[in-house]
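Fold and contact review
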Amino acid sequence: MTEQPSVPTGTAHPTGTAHPTRSDGAARPIRDDRTAPSLAAADTPLRPAAGAPLRIAVVGAGPKALYALEELTALLDAAGSATATADHAGAARSESSAASGLTVTVIDPVAVPGTGTAYHPGQPHHLRLNVTAAILDEPATGDFPAYPSWVQDPYPQLADEPYPPRAVVGEYLAQRWQQMIHGLSRHARVEHARARATDLRREGSAWHLTTDTAPADVGPVDELLIATGHAAGHRGALVHHWSSPLPLVPAVLPAQRMLSAAHVPPGSRVAVRGGALTFIDACLTLTEGRGGTFTESTDVDATGGTEADAPSRLVHSRGPHEPDLIRPITRQGLLLDAKPDPGTPLTAAGERAVEQARARFTSDQGMGPDAVLAIVVDAATAMLEGTPAPKQHATASGRDARDTVVDSRAAVEHTLSTGAEPDLPRGPGRAEAALRRSIETAQGHRSPGPAWALGRVWQTLYSQISAGLRGSDAPEEEWARFRQAAQALERFAFGPPLVNARKLLAMIDSGAVDLSWMDGEAGIDGAGIHEAPVADSSDATATTRHDDATATGRHDDAPSGGDVDVVIDAVLTPPGLLNLTDELAGSLLRRGLVQVRPGRRGAMIDEAGSPVGRDDAPLVAADGQTVAGLALIGRPTEDHVIGHDSLNRHLHHEGRCWARRIAERITGDDDAAPAVAASPAVPADGSAPAIPAEGSAPAIPAEGSAPAAPAPAVAPE
């Protein structure tokens, strides 16, 4: 992890954690990529523009909503500071924040705002973030520390841990939310409605929301921001089709409840649908969460390597309450590759390849998916050709079969098109071999192959890729090629931290995890487990992040189930708005308030999140009115904007642009707020461009909610 400065002495914020002061002693610095007026009088409530007071509703209380409201708070602070004078500042401070008339109502059932449903502080600590927490920098207001500084007080033992427990990140986000509310309350009356929004309608120029709790109606509101993260469910979830006599656990999270001994008894044999990050969460909960331990082995492997050049490995010692066996079933028959430790440098050739690739992302008009994939293949090929000669140490996964650099392009293209390296053996042991070689590569005991090169290119160029593809109007077939390639690329780039990959391999070595059904191409649908090959489902929701999903269609072969005692569905709700069981998403589509391009999943939006049509003009709804006062950010817009599962607030700028539009409407002056521009990505590991938190943001229902459906959330974050 990149070395971070300690927290300087400063004043305390309401949560009791000290926040940094500037070098000149002034409190509440702005740490942002824009200029802003001095905040010397930022406590002055902002006076509204002439006319009716503005009423705002925000659906969702996760990181995306947090970042947008922090941006709005910073802009209102700056505008209030710019208009305050020494003569009336004291009197203005004495006025109640409600006097301005501005109201902000946040609608979300979550018990701990700021965490969304992804980072609940009550989670077990063996569930880790899968992106480095260094991307959690100071908010736009500058009145709360970045995570690396914050963590040194409550959890000093985690100060150098790049992948902390998600529960600890949740504590940080919850405190940051409270600080945001404290700042926003200087300008508005802020309320939190613990409810789930199920419908929206327009009456005149105002919006009304229907919720699942009393009072059922929220409104009228003038501005509505939807930042809902993971939707509540999708039609591809097993729970909607399940007819097998086998018990079904419909979701992994919240893990302590869903994977309790009552649902997954000790000694049981478990089948898991999915093999990505949520599957790893399930494995860790059923082993480490039940008394299992992992220790470093000092043994030298059987290939004759010395202890110095042999890859280190973990040994899994069974706990007394673990299941007997865990069998994953995935569509691709492969697991996620291990992620190298943060700060692991690229070779000189790799750095050159990345810089040359970055230079090709220069067009202001956007890029087509095929052009982006061509850049990725070229860069990965150049990176692979510049790697050292293959290392001589070998393990059971086989020696490096890349004979000459001449074959690098062919190997890269094959790996991208098939999702597996050319020399990866087929049949029994295939999934384990792929995982093992990714760990050895991340540890430096195997020369990088095409999967590693593709993953590093995708990871380091992700901010440019996301910006270049924003709003792409490429034909449906071209976008389909991109999505297929992206599934493989994300499996190479955004897998588990090395420590969790090593734990998974230790579980395989101990026999706790059995990959035989993955190697044998078993499948699962609503009727149960099929040990014959599975045909692809036509349901677009059957695929999610990476290779997580398996087919959900019916089969001619009879379901088997073998010796399984319980089935766990570890497939999360896909992004976008299509094929969801979420009522609010259905309402947006049914009322014609959003438009989705063919082959895409999410709503088309402008720079500030407002719905647009195919010509990028403001969308006209089914009632004939232009859709105004509505904005969507995050997962509901996936494919129009890609890569929303991220804790990096700089990767996308729709929330910031929305905040600017709202601030201008409040002040009635386009010049009242500092200019807002798309910001460069904050380095995720101290050196590379921003990395999205692809799998670290799984859905977690609010505490006390019923476990009836797969998982509601945000997020790699």
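Reading guide: rules and limits
Residues numbered from 1 in each chain as written. Predicted model: local features only at pLDDT ≥ 70, side-chain atom pairs only at ≥ 80, totals over all residues. Heavy atoms only, no water. Buried < 20%, exposed > 50% of the residue type's maximum accessible area, 1.4 Å probe, protein only. Helix = DSSP H or I, 4+ residues; strand = E, 2+ residues; numbered from the N terminus. Arc of directions from axis to C-beta. Contact = heavy atoms within 4.5 Å. Polar contact = N/O pair within 3.5 Å; in protein donor to acceptor, adjacent residues only side chain to side chain. Pairing = 2+ DSSP bridges. Axes fitted to C-alpha atoms, helices over the stretch in contact; angles between N-to-C directions. Core = buried A, V, L, I, M, F, W, Y, C linked by side-chain atoms within 4.5 Å. Phe/Tyr/Trp six-rings, centres within 6.5 Å; stacked < 30°, edge-to-face > 60°. Lys NZ or Arg CZ within 6 Å of the ring centre and 35° of its normal.

**Side note on helix α16 (residues 583-590)**
- All of the buried residues in α16 are Leu584, Ala585, Ser587 and Leu588. The buried residues of α16 occupy an angular sector of 160° when the element is viewed end-on, so they sit on one face. When the buried face of α16 is taken as reference, the exposed residues oriented beyond 90 degrees from it are Glu583 and Arg590.
- If you follow the buried residues of α16, they end up packed against β1 (55-59), β4 (197-203), β7 (223-226) and β16 (630-632).
- For α16, the N-terminal capping position is held by Asp582, with its side-chain oxygen 3.2 Å away from the main-chain nitrogen of Leu584.
- Just past α16, the residue Gly592 takes up positive phi, approximately 70°.

**Notes on the sheet that holds strand β8 (residues 248-249)**
- Pairing within the open sheet is parallel, and its 4 strands lie in the order β8-β15-β9-β12. Two strands bound the open sheet, and with one partner strand each, they are β8 and β12 (325-329).
- Here strand β9 (residues 269-273) runs beside β12; their pairing, made up of 5 bridges, is parallel. Within β12, the residue paired with Ala271 across the bridge is Arg327.
- Docked against the sheet, helix α6 (residues 277-286) engages β9, β12 and β15 (566-569), running at close to 175° with respect to β12.

**Things to note about the nonpolar core**
- Of all hydrophobic cores here, the largest spans 48 residues; its most connected members are Ile56, Leu69, Leu72, Tyr147, Trp177, Leu647 and Trp658.
- Only β1, α1 (63-83), β2 (103-107), α3 (147-150), α4 (166-184) and α17 (654-667) provide two or more residues apiece to this core.
- Discounting residues that sit within four places of it in the chain, Leu69 has contacts with Val58, Val104, Val106, Trp177, Met180, Leu184 and Trp658.
- Among the nonpolar cores identified, the runner-up in size contains 40 residues, and Val272, Phe279, Cys283 and Ala442 belong to it.

**Topic: the packing of aromatic side chains**
- Taken as a whole, this structure holds 8 aromatic pairs when the rule is applied.
- Each ring, one from Tyr462 and one from Phe494, has its centre 5.5 Å from the other, and the planes form 75°; the classification is edge-to-face. Within this pair, whereas Tyr462 is found in helix α12 (residues 462-469), its partner Phe494 is found in the loop between α13 (476-493) and α14 (498-510), the two being separated by 32 residues in sequence.
- Positioned over the ring face of Trp517 is Arg327, at 4.6 Å from the centre of the ring.

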